[in-house]
Amino acid sequence: MTLFSELGLDSSTMKSIEKMGFEEATPIQAQTIPLGLEGKDLIGQAQTGTGKTVAFGIPLMEKIDLKDENVQGIIIAPTRELAIQVSEELFKIGYGKRARVLAVYGGQDIDRQIRALKKKPHIIVGTPGRLLDHIKRKTLRLGGVSTVVLDEADEMLNMGFIEDIESILSTVPEERQTLLFSATMPEPIRKIAERFMKDPTIVRVKTKEMTVSNIEQYYLELREGEKFESLARLFDIQTPELAIVFGRTKRRVDELSSALNLRGYMAEGIHGDLSQAKRLSVLKKFKEGNIDVLVATDVAARGLDISGVTHVYNFDIPQDPESYVHRIGRTGRAGKHGVAITFVTPRERGQLQAVEHTTKKRMERMKTPTLTEALEGQQKAVSEKIINAVENEDLSLYLPQAEELLQKHNAVDLVAAVLKSMTKEPDTTPVKLTEESPMPMRRGGGDRNRSGSGSNNRSRNGRGPTGRKDYGNKRNNNNRKPGGNRGSSQRREQYNK
Ligand SMILES: Nc1ncnc2c1ncn2[C@@H]1O[C@H](COP(=O)(O)OP(=O)(O)OP(=O)(O)O)[C@@H](O)[C@H]1O
Ligand SMILES: [Mg+2]
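Criteria and thresholds
Residues numbered from 1 in each chain as written. Chains lettered and ligands numbered in written order. Predicted model: local features only at pLDDT ≥ 70, side-chain atom pairs only at ≥ 80, totals over all residues. Helix = DSSP H or I, 4+ residues; strand = E, 2+ residues; numbered from the N terminus. Buried ≥ 20, exposed ≤ 12 C-beta atoms within 10 Å, placed from the backbone. Contact = placed C-beta atoms within 7 Å. Domains from an automatic or database assignment. Nonpolar A, V, L, I, M, F, W, Y, C, P; charged D, E, K, R; others polar. UniProt positions renumbered as here; feature names shortened; annotations may be inferred. Pairing = 2+ DSSP bridges. Near = placed C-beta within 6 Å. Axes fitted to C-alpha atoms, helices over the stretch in contact; angles between N-to-C directions. Left-handed = near helix turned anticlockwise from the far one by under 90°. Core = buried A, V, L, I, M, F, W, Y, C linked by C-beta atoms within 7 Å.

Student: Which parts of the structure should I look at to understand the overall build of the chain?
Tutor: Scanning the chain from N- to C-terminus turns up 18 helices and 16 strands. Split into buried and exposed, the 497 residues of the chain put 48% on the buried side. Of the contacts formed within the chain by residues at least 6 apart in sequence, a portion of 76% connects residues at least 24 apart.

Student: Teacher, can you tell me more about the domain arrangement of the chain here?
Tutor: One frequently used descriptor of interface size is the decrease in accessible area upon assembly of the parts. Taken as a whole, the chain is organised into domain 1 (2–207) and domain 2 (209–438). Here the C-alpha centre of domain 2 lies 33 Å away from the C-alpha centre of domain 1. Opposite the 20 residues of domain 1 that make contact, domain 2 presents 19 residues. Contributing elements (two or more residues each) for the side of domain 1 that touches domain 2: helix 4 (80–93) and helix 7 (153–158). Looking at which element gives the most residues to the side of domain 1 that touches domain 2, the answer is helix 4, with four residues. Looking at side-chain class alone, the side of domain 1 that touches domain 2 contains five nonpolar, nine polar and six charged residues.

Student: Explain the UniProt feature "domain: DEAD-box RNA helicase Q" (unreviewed entry) in the chain to me, please; I cannot follow it from the model alone.
Tutor: Residues annotated by UniProt as "domain: DEAD-box RNA helicase Q" (unreviewed entry) correspond here to residues 2–30. Secondary structure content for residues 2–30 is 48% helix and 14% strand, while the C-alpha to C-alpha distance between its ends is 6 Å.

Student: Help me understand unusual backbone geometry, please; the structure alone is not making it clear to me.
Tutor: Comment: phi is negative for the bulk of residues other than glycine, and the bulk of peptide bonds are trans. With phi around 65 degrees, R98 is a residue other than glycine that occupies positive phi space. The topology assignment puts R98 in the loop between helix 4 and strand 5 (101–104). The phi angle at T239 is positive, at roughly 35 degrees, despite the residue not being glycine. Inspection of the secondary structure puts T239 in the loop between helix 10 (227–238) and strand 11 (242–246).

Student: Is there a simple way to explain the pairing of strand 4 (residues 73–76) in this structure?
Tutor: In the case of a regular strand, side chains alternate between the two sheet surfaces. Residues G73 and I75 point to one face of strand 4 and I74 and I76 to the other, with burial holding for every one of them. Looking at chain direction, strand 4 and strand 6 (residues 123–126) are connected through four bridges and run parallel. From the neighbouring strand, I75 faces strand 6, where its bridge partner is V125.

Student: Where do I start with the site of ligand 1 in this structure?
Tutor: Around ligand 1, the surrounding shell holds 19 residues, and the nearest of these are T48, G51, K52, T53 and A334. Looking at the shell around ligand 1, the elements that each hand over two or more residues are strand 2 (24–25) and helix 3 (52–63). Broken down by element, the residue count for the shell around ligand 1 peaks at three residues, all from helix 3. Looking at the shell around ligand 1, its residues break down into six nonpolar, nine polar and four charged. Shared between two domains, the shell around ligand 1 takes at least three residues from each, and those domains are domain 1 (2–207) and domain 2 (209–438).

Student: What's the story with the packing of helix 10 against helix 15 (residues 371–392) in this structure? I'm lost.
Tutor: A packed helix pair is summarised by two numbers, namely the angle formed by the two axes and the spacing between the axes. Contact geometry of helix 10 with helix 15 gives a least axis separation of 7 Å together with a crossing angle of 35 degrees. Considering only the axes of helix 10 and helix 15, their crossing is left-handed. Contact residues: R233, D236 and I237 in helix 10; L371, E373, A374, G377 and Q378 in helix 15. Partitioning the contact of helix 10 with helix 15 into residue classes produces three nonpolar, two polar and three charged.

Student: Teacher, can you tell me more about the nonpolar core here?
Tutor: Most often, soluble globular proteins keep nonpolar side chains buried together rather than apart. Core analysis: the largest hydrophobic core is formed by 111 residues, its most contacted members being V125 and V245. A total of six residues in this core trace back to one element, the largest contributor, which is helix 3. The residue makeup of this core includes at least three contributed by each of domain 1 (2–207) and domain 2 (209–438). Filtering out sequence-adjacent residues up to four positions away, V125 remains in contact with I75, A77, A83, V86, S87, L90, V101 and A103.

Student: Which parts of the structure should I look at to understand the sheet that holds strand 3 (residues 42–45)?
Tutor: Strand pairing in a sheet is mediated by backbone hydrogen bonds. Such pairs are either parallel or antiparallel. What the seven strands build is an open sheet, ordered 5-6-4-7-8-3-9; its pairing is parallel. Every interior strand has two partners, whereas the edge strands, strand 5 and strand 9 (201–204), have only one. With strand direction ignored, the average angle separating the axes of adjacent strands in the sheet is 15 degrees. Direction of pairing for strand 5 relative to strand 6: parallel, over a ladder of four bridges. Counterpart to L102 in the pairing with strand 6 is I124. Those strands touched by helix 2 (residues 27–37) are strand 3, strand 8 (177–182) and strand 9, and its axis lies near 175 degrees from that of strand 3. Along the sheet face, helix 4 touches strand 4, strand 5, strand 6 and strand 7 (147–151) and points at about 180 degrees away from the line of strand 5.

Encoded structure:
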């Protein structure tokens, strides 16, 4: 066990850490912060939700010289929401020091960002496309940068951002420190390390499994057409506080969130075709608990730290094992308990095995939930509410009416009637979801290759040779042709819009 106070940090950093409420460093923090402070290039791998942001954030922050008006630290992240979140965490780490941190990302008014850049931020957190845009406009100069962080580096490689990162880093001095972090480090990450780092020290927090042990992992084998009813029943049985449901395509996300709303669940979708304002407002509502269910593509799979997410449902099995690790890692963070359930159609058994092989963890098989169980689940939730009211609430205003009712009716009938009137009975309103074909292994150019989904000639990580990834589904988008241009700017569009 290592305390932050043992790491020899600046008093300003200690002040921030105290304000953040941390005392003990997590293993990845204890192992990487000292090396980071020495100025070493680092590759850090540790499970989801174990505090990697602080692990790179502290060494970066401690090197900032407030008197220097140059941008001195730059963090590159794969999605806009993550860039915002990381900038907020860095702001907290730099609170004691009063360092200026700015997030720049696509979908936000560029003139506003240009004005903010003129205020001389010390640290910039951004998505590759927008960072490059500012560099080209000369509104961002990285000649004074001494620390570079690539958060979720393997994902940026998947998305085909490597050329963009290369262009960005070509404007950063060679004698910089480069830090690279992710919960997953598939083999191709070596490419990034070789291209952008100098003799990096690899820090892996060794655990038997790649996923955190406090997430209970289940799978449910079912037919495509049974998925929705099963999801609704699971909601009724498990009554998640906050749940994220991952779907494979943007269409899937839209249809699922509408269908859930139709059934009375408070759900909204997030994916790359929504406006940035909408993406942010949906996420905000979810964080504040104004919606209970976030339906998402993989755009929300990486890095997002939302407290209170108790359940993750993979409505569609993820495209590769790494994506599984990150998706389920949205729950069970910072030592909390979580539940992850993955739907698997009979033809997707190979993918399930590939996931289990990578995570080195067996998922437990779950039986298809029944309507009766759903009703029981809802009754149980209502019973708990009633018991809580009996034990903790002032019921004096209700007692006379209760006594009057008891004189006329049998007590069991009365309680049953109260239960019935309070219980949300399983709703069977018909909903329409477009069937998705079974998830193919990603191989040879992303999700267009749907045919031939056998598992035998899969690469070790289930990635194709290009290793590229799209979050949406071009097939379902009228504006884009399935076999269209796969240039990096278009991929960026996919991701960011
Ligand atoms: N030392 C600590 N003690 C307690 N909580 C911490 C500590 N360090 C970080 N946290 C909290 O743990 C949560 C997860 O941290 P963070 O988002 O950095 O995880 P991560 O390892 O980057 O996960 P992911 O792989 O999903 O990106 C955050 O809410 C963070 O504030
Ligand atoms: Mg992270």
